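Residue-level listing of the chains:
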Amino acid sequence: MFVRTALMMSTALLLGGCEVASEIGKPCTLVRKATPEESAANNNTRTMPILEGEIAAKQDFISFGSVECEDLICVRDQDYPRALNEDGSLNETEPARGYCSKPCIEGGSSCDVTDTDDVNPDLPGRMSCRPMLLDQDTLDALRSADEAFYRRTFGENNSPFFCAGALIPD
């Protein structure tokens, strides 16, 4: 009995010191639902990349369904760098990139970037739990008005709060 207790306590102490790496901040491609024609032409894929030309400048963007992320959520804050051509103009045909995120609870969730390989260098210092695009009242109103539309658009997400880079002051 004593050996089993000692083994369990040792395991708990060892595991308690391990930090689990998170994919928060890891680069990903923003995606949208594929049309039936796009799906048929691309081996029945369910998503298609969103292109740089489809996103307005200085816009927050959230994408659900990115298989590059453990929580399938890829976000791009308005200060994330865009894909540019050699002359500095926007490369409108390049897939839009962002970084992996997860839902969070304002004031209570950790949005720490624990694995900084390939992460935009300014992102770890800016990461916070903040609303993306819509506030809670708007989400609730959309869900009340048309539950089916809400589920098609936002899935099971019921909160506007996600791990994202805080906006850089002008």
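Per an unreviewed UniProt entry, the protein chain carries the name Gliding motility protein and comes from Corallococcus macrosporus DSM 14697.

(A) The arrangement of the pattern of salt bridges in detail. Across all of its chains, the model carries eleven salt bridges by this definition. The salt bridge partner of R32 is E38, with a shortest N-O separation of 2.7 Å. A salt bridge links E52 to R82; the nearest nitrogen and oxygen atoms lie 2.9 Å apart. Residue E52 is located in the loop between strand 3 (47-49) and strand 4 (61-64), and its partner R82 is located in the loop between strand 5 (73-76) and strand 6 (97-100); the two are separated by 30 residues in the primary sequence. By relative accessible area, which is 1% here, E52 ends up buried. Residues joined in a network through salt bridges with shared partners are E52, R76 and R82.

(B) Structural detail: the state of the cysteines. One pass over the structure, following the stated rule, counts four disulfides. Sulfur-sulfur distance for the disulfide between C28 and C74 comes to 2.0 Å. With the S-S dihedral at roughly 95°, the linkage between C28 and C74 falls on the right-handed side. With C28 in strand 1 (residues 27-29) and C74 in strand 5, this residue pair connects regions lying 46 residues apart in the sequence.

(C) Region of the structure containing the packing of aromatic side chains. In the structure shown here, the tally under the stated rule is two aromatic pairs. Between the aromatic rings of F64 and F162, the centroid separation amounts to 6.0 Å while the plane-to-plane angle is 55°, which identifies the pairing as tilted. Here F64 is found in strand 4, whereas its partner F162 is found in strand 8 (residues 161-165), with 98 residues between them in sequence. When its relative accessible area of 27% is taken as the criterion, F64 is described as partly exposed. On the accessibility criterion, F162 (3% relative accessible area) is buried.

(D) Focus on the side chain of D79. Looking at the element boundaries, D79 is found in the loop between strand 5 and strand 6. When its relative accessible area of 17% is taken as the criterion, D79 is described as buried. In this structure the side chain of D79 is engaged in a polar contact, spanning 3.1 Å, whose partner is the side chain of K58. Setting aside chain neighbours within four positions, we find D79 in contact with K58, R126, A166, L167 and I168.

Definitions and cut-offs
- Residues numbered from 1 in each chain as written.
- Predicted model: local features only at pLDDT ≥ 70, side-chain atom pairs only at ≥ 80, totals over all residues.
- Heavy atoms only, no water.
- Salt bridge = Lys/Arg side-chain N within 4 Å of Asp/Glu carboxyl O.
- Helix = DSSP H or I, 4+ residues; strand = E, 2+ residues; numbered from the N terminus.
- Buried < 20%, exposed > 50% of the residue type's maximum accessible area, 1.4 Å probe, protein only.
- Disulfide = S-S within 2.5 Å.
- Phe/Tyr/Trp six-rings, centres within 6.5 Å; stacked < 30°, edge-to-face > 60°.
- Polar contact = N/O pair within 3.5 Å; in protein donor to acceptor, adjacent residues only side chain to side chain.
- Contact = heavy atoms within 4.5 Å.

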